[in-house]
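Structure assessment
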Amino acid sequence: MMPCRDGVSLATDFYFPAEGDGPWPTAVGRTPYIKDNPALTGLARAYNARGYVLVVQDVRGRGKSEGEFQPWRQEPNDGSDTFAWIADQSWSDGNVTTQGASYSAQASWLTALSKPPALKAMVISTAPSDPFVEFPTCGIPLSMLLWYSITGNRELPSNLQEIDWGAVFNHLPLITMDEAAGLPSRLWKVAMEHSRRDDFWEPLRYQHRIQEVDIPVMHISGWYDDEQIGTPLNYRLVSGGAPSEKTRKAQRLLMGPWGHAVNAGTKLGQVEFGPTAQIDLQNRMIDFLDAALGRREQLDQAPVRIFVMGENAWRDEREWPLARTQYTDYFLHGEGVLDTSAPDSDQPADVYRYDPADPTPFIFDYKSLQIGGPDDYAEIEKRPDVLCYTTPPLDMDIEVTGPVRARLFISSSAVDTDFAAKLVDVHPDGFCQRLCDGIVRGRYREGVDREAFLEPGATYELDIDMWNTCQVFKAGHRIRLEVASAAFPKFDRNLNTGEPIATSTRMAVAENRVWHDPAHPSRVVLPVIPGGVT
């Protein structure tokens, strides 16, 4: 039971190397997901074999740790106290590193901003971004409600697989969705009371200060990680703006063909990425920490290593985004055409009706914690509330690697509605593979810290961040942009009324338009890598 500055004690396990008396460096994992996990035995062996003590701790209010769980808010102080306590032990050489994924990754970033003297390096996997960066809408039933349900009590609930999540996600109002699941959550209700970025969320932000971090960091994620947007951004910010040149050069970025559970296999959904898709990640991480601590020569590998999907091969790069990227506009035209020529004649807008009582689906398995993958959207694209803009079959391979954005000119009959965009690789056999997507809520189009409702019938330009991808569209394939007004239940459905998000139950049908004429050149901006695959 490790003591904190306020007298609360945190339950902490220590795995020591079998040989020698130390002192040793330490790898620390601080988790809300209960430290008593048999799977940690293998992790401990890996670190111990390389001369590290592995430390695993239940964060405050979880598992066997004392105190009350307040997600992320407690981590800067508790993390700093943990690192200082470890560095003061006789078996410690004073060098503390962290390995963490998801919650633990964000907790590590928040702690690093406190600049604990003992913290020398971090391995960060699938780090969440600041509030409202990934999920600009409020409800996010799967990722938020399910997460609050998992962490709402000291132990993990045993009945999650028995809940009818489809019915739960359809429940309104959002603020009582936890009760509909039979998992009352104080944390959920408090979050729903703050449906835009206000002072309540400020302690959870770190990306606006991330360039203050002055230690080596290995940034890891997958192209289908549902928190993917944070990892390449964090790498770019630190490698381009850390206080010292040494730190900037010590950053590493690794992006695989993985979901939130990185390196879990070679196949995701229906897509097999080949035998090289799974790697010896654990030893690669320890190699990085060894180099950061001066236990081996500095890594000679390139700072960026990416898995190129479609080609199904790893490739080393010098930076992110790639310096040779040619950002190419693919314009929307009538009759569902997508090409690189700008609109040169007046064309009527494409119109569809978005009904929140029957929202456009986003594919995922309710029994899985993975929110979306390389799923087949062929059937969903047949819906009347989905617009598809598609290139002719490609006559050569085209590599798209980097950040993807849609710039759409839209109008709506509603004072508030959503616009979602999705990049799809259409295979010759009709398989429509999702690559990446994004969404903007009308009321938050000017920023998630304020509300600005739409004027019905007025035209607006929306900038939709569709995150990142790394895909070779093979010859014979087609590039497609989907446009809809929901991605449910990845995101909560917009009820189109402009009423308070957490408590509203009234729905209205919106008639939404996408414009594509010379004055309104709607387009998707693709990061094309010239010369194809190298």
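Summary of the structure given here. A quick note: this is a predicted structure, and the numbers were derived from the prediction, not measured. (Residues numbered from 1 in each chain as written. Predicted model: local features only at pLDDT ≥ 70, side-chain atom pairs only at ≥ 80, totals over all residues. Heavy atoms only, no water.)

**Details of the sheet that holds strand β4 (residues 24-31)**
Threshold: Strands qualify as paired when DSSP identifies two bridges or more between them. Per the convention used, a helix needs a DSSP run of H or I reaching at least four residues, while a strand needs a run of E reaching at least two, with both numbered from the N terminus. Axis geometry follows a simple rule: fit a line to the C-alpha atoms, using only the stretch in contact for helices, then measure angles between N-to-C directions, giving values from 0 to 180 degrees. A contact between two residues is defined here by any heavy atoms of the two lying within 4.5 Å.
Spatially, the 9 strands line up as an open sheet ordered β3-β5-β4-β6-β7-β8-β9-β12-β13, and their pairing is mixed. The open sheet is flanked by β3 (12-15) and β13 (313-317), the only strands paired with a single partner. Going from strand to strand, the sheet's axes swing by 20° on average, the running direction of each strand aside. Relative to β13, strand β12 (residues 304-308) runs antiparallel, the two sharing 5 bridges. The residue of β13 that forms the bridge with Phe307 is Trp314. Strand contacts of helix α1 (residues 40-49): β3, β4, β5 (53-58) and β6 (92-101), with the helix running at about 145° to β5, the strand carrying the most contacts. Taken strand by strand, helix α8 (residues 230-241) contacts β8 (217-222), β9 (252-256) and β12, and its axis lies near 160° from that of β9.

**Observations concerning the environment of Arg478**
When you line up the elements, Arg478 lands in strand β22 (residues 478-484). Each residue touching Arg478, except ones within four places of it in the same chain, is listed here: Thr390, Thr391, Pro392, Pro393, Val424, Asp425, Val426 and Phe473.

**Brief notes about the nonpolar core**
Rule in force here: Here, nonpolar core refers to any group of buried Ala, Val, Leu, Ile, Met, Phe, Trp, Tyr and Cys residues whose side-chain atoms link them within 4.5 Å. Exposed residues in this analysis have more than 50% of their type's maximum accessible area, buried residues have under 20%, and partly exposed residues fall in between, with area computed by a 1.4 Å probe over protein chains only.
Ranked by size, the top nonpolar core spans 79 residues in total, and within it Tyr47, Leu423, Ile464, Met466, Val483, Val514 and Leu526 carry the most contacts. Per-element accounting of this core gives the leading share, 7 residues, to strand β21 (residues 460-473). Excluding residues that lie within four positions of it along the chain, Ile464 makes contacts with Val404, Arg405, Ala406, Leu408, Phe419, Ala421, Gly438, Ile439 and Val440. Core analysis: the second largest hydrophobic core is formed by 72 residues, Leu142, Trp165, Ile439 and Val448 among them.

**Here we look at the packing of aromatic side chains**
The test is simple: Aromatic pairs are defined between Phe, Tyr and Trp rings, using the six-membered ring for Trp, whenever the two ring centres lie within 6.5 Å; interplanar angles under 30 degrees are classed as stacked, those over 60 as edge-to-face, and all others as tilted. To sit over a ring, a charge needs its Lys NZ or Arg CZ within 6 Å of the ring centre and within 35 degrees of the ring normal.
Counted by the stated rule, this structure contains 22 aromatic pairs. In textbook terms, an aromatic cluster arises when at least three aromatic residues are bridged by ring pairs, as seen for Phe69, Trp72, Tyr103, Trp147, Tyr148 and Trp188. Seen from the ring of Tyr460, Arg445 lies directly overhead, with NZ or CZ sitting 4.4 Å from the centre.

**Quick look at the state of the cysteines**
So the rule is basically this: Note that a disulfide, as used here, is simply two cysteine sulfur atoms within 2.5 Å.
Per the counting criterion, the structure on display carries 0 disulfides. No disulfide involves Cys388; its sulfur sits 7.5 Å from the nearest other cysteine sulfur, which is in Cys432. The class of Cys432 is buried, set by a relative accessible area of 4%.

Distances and angles like these do not, on their own, reveal function.
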